[in-house]
Amino acid sequence: MNDTQKLVHDLSEQVTRLVKDEFRLARMELAEKGKRAGFGAGLFGAAGTVAFLGGAALVAAVVLLLALVMPGWAAAAIVAGALFVVAAVLGLIGKNQVKRAGPVVPEETIASVKADVDMVRERARR
């Protein structure tokens, strides 16, 4: 093997090793970030659960407050009715937002890829 062939062979091995090392480093970094993100998501979930329980306690307090001026069953029925109205309004707003979002297709990315393919085809024809 002459010097040029040896240099090319060595360069090829070094580039391969470098790429493998970079992938290994990226995998380790992503694993660490994934652990942190998972822990953070768990804390968000816990916060949501505690907030839900706080809301439930607040609803109970409103029922008990109304029960001072009317029968308890009527107070509970009024609060439940109000909650159902709020849920219906939020549901309709959410439905309209989903309709306005349109199909879940990355249209800009597809157009960009098509433009890239067309450009490559045009250059290949030259």
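Preceding this section is the structure that the text describes.
Okay, so let's go over this structure. (Residues numbered from 1 in each chain as written. Predicted model: local features only at pLDDT ≥ 70, side-chain atom pairs only at ≥ 80, totals over all residues. Heavy atoms only, no water.)

### Considerations on the overall build of the protein
Put simply, the test is: Every helix listed is a DSSP run of H or I at least four residues long, and every strand listed is a run of E at least two residues long, numbered separately from the N terminus. Each radius of gyration is computed over the set of C-alpha atoms, and the globule rule expresses the reference value as 2.2 Å times the number of residues to the power 0.38.
Looking only at helices and strands, the protein features 3 helices and 0 strands. From first element to last, N terminus to C terminus, the protein shows the α and β order α-α-α. In terms of overall size, the protein is more extended than a compact globule, its C-alpha atoms giving a radius of gyration of 31 Å where 126 residues would be expected to give roughly 14 Å. Projected onto its principal axes, the C-alpha positions of the protein cover 100 × 40 × 10 Å.

### Focus on the pattern of salt bridges
This is how it is decided: We define a salt bridge as a contact between a side-chain nitrogen of Lys or Arg and a carboxyl oxygen of Asp or Glu at a distance within 4 Å.
Counted by the stated rule, this structure contains 3 salt bridges. Residues E29 and K33 are paired through a salt bridge, measuring 3.3 Å at the closest nitrogen-oxygen approach. Of this pair, E29 and K33 both sit in helix 1 (residues 3-66), 4 residues apart, roughly one helical turn. The partner of R36 in a salt bridge is E32, and the shortest N-O contact between them spans 3.7 Å. Of the two residues, R36 and E32 are both situated in helix 1; the distance of 4 residues between them amounts to about one turn of the helix.

### Structural notes on helix 2 (residues 72-101)
Here is the rule we go by: For a helix, the expected span equals 1.5 Å multiplied by the residue count minus one. The classification of residues rests on relative accessible area computed with a 1.4 Å probe and restricted to protein chains. Under 20% of the type maximum is buried, over 50% is exposed, and intermediate values are partly exposed. Only heavy atoms enter the contact rule, under which two residues are in contact if any of them lie within 4.5 Å.
Taking 1.5 Å of rise per residue, the 30 residues of helix 2 would be expected to cover 44 Å, and the 43 Å separating its terminal C-alpha atoms lies within 8% of that figure. Listed as buried for helix 2 are A74, A75 and V79. Contacts from the buried residues of helix 2 go to helix 1. A positive phi of about 80° marks G102, the residue just after helix 2.

### Structural notes on a nonpolar patch on the surface
In plain terms, the rule: Residues enter patches when their relative accessible area tops 30% and they take part in no salt bridge; the joining distance is 9 Å for like charges and 5 Å for the nonpolar side chains Val, Leu, Ile, Met, Phe, Trp and Tyr. The protein chains shown are the only cover counted for residues, whose accessible areas, like all others here, come from Shrake-Rupley with a 1.4 Å probe.
Residues V85, V86, V89, L90 and I93 make up a contiguous nonpolar surface patch of about 450 Å² in total accessible area. Residue placement: V85 occurs in helix 2. Residue classification places V85 among the exposed residues on the basis of a relative accessible area of 52%.

### Brief notes about the environment of A74
Here A74 lies in helix 2. Among the residues examined, A74 registers a relative accessible area of 15% and is labelled buried. The spacing of A74 and A101 is 27 residues in sequence and 41 Å in space, taken between C-alpha atoms.

### Describing the packing of helix 1 against helix 2
Here is the rule: Fitted lines through C-alpha atoms give the axes, limited to the stretch in contact for helices. The angle between two N-to-C directions lies from 0 to 180 degrees. When an angle is under 35 degrees it counts as roughly parallel; over 145 it counts as roughly antiparallel; between 65 and 115 it counts as roughly perpendicular; any other value is oblique. Each crossing gets its handedness from the near helix: less than a right angle anticlockwise from the far helix is left-handed, clockwise is right-handed. Classification convention: Asp, Glu, Lys, Arg as charged; Ala, Val, Leu, Ile, Met, Phe, Trp, Tyr, Cys, Pro as nonpolar; all other residues, Gly among them, as polar.
Between helix 1 and helix 2, the shortest axis-to-axis distance is 8 Å and the interhelical angle comes to 135°. Here helix 1 is positioned oblique relative to helix 2, judged by the angle of their axes. In terms of crossing hand, the pair formed by helix 1 and helix 2 is right-handed. Counting all contacts with helix 1, which are made through V59, V62, V63 and L66, the residues of helix 2 involved are A75, A76, I78, V79 and L83. Its residues assigned to classes, the contact of helix 1 with helix 2 comprises 9 nonpolar, no polar and no charged.

### Brief notes about the environment of L58
By secondary structure assignment, the location of L58 is in helix 1. Between the alpha carbons of L58 and A37 there is a distance of 31 Å; along the sequence they are 21 residues apart.

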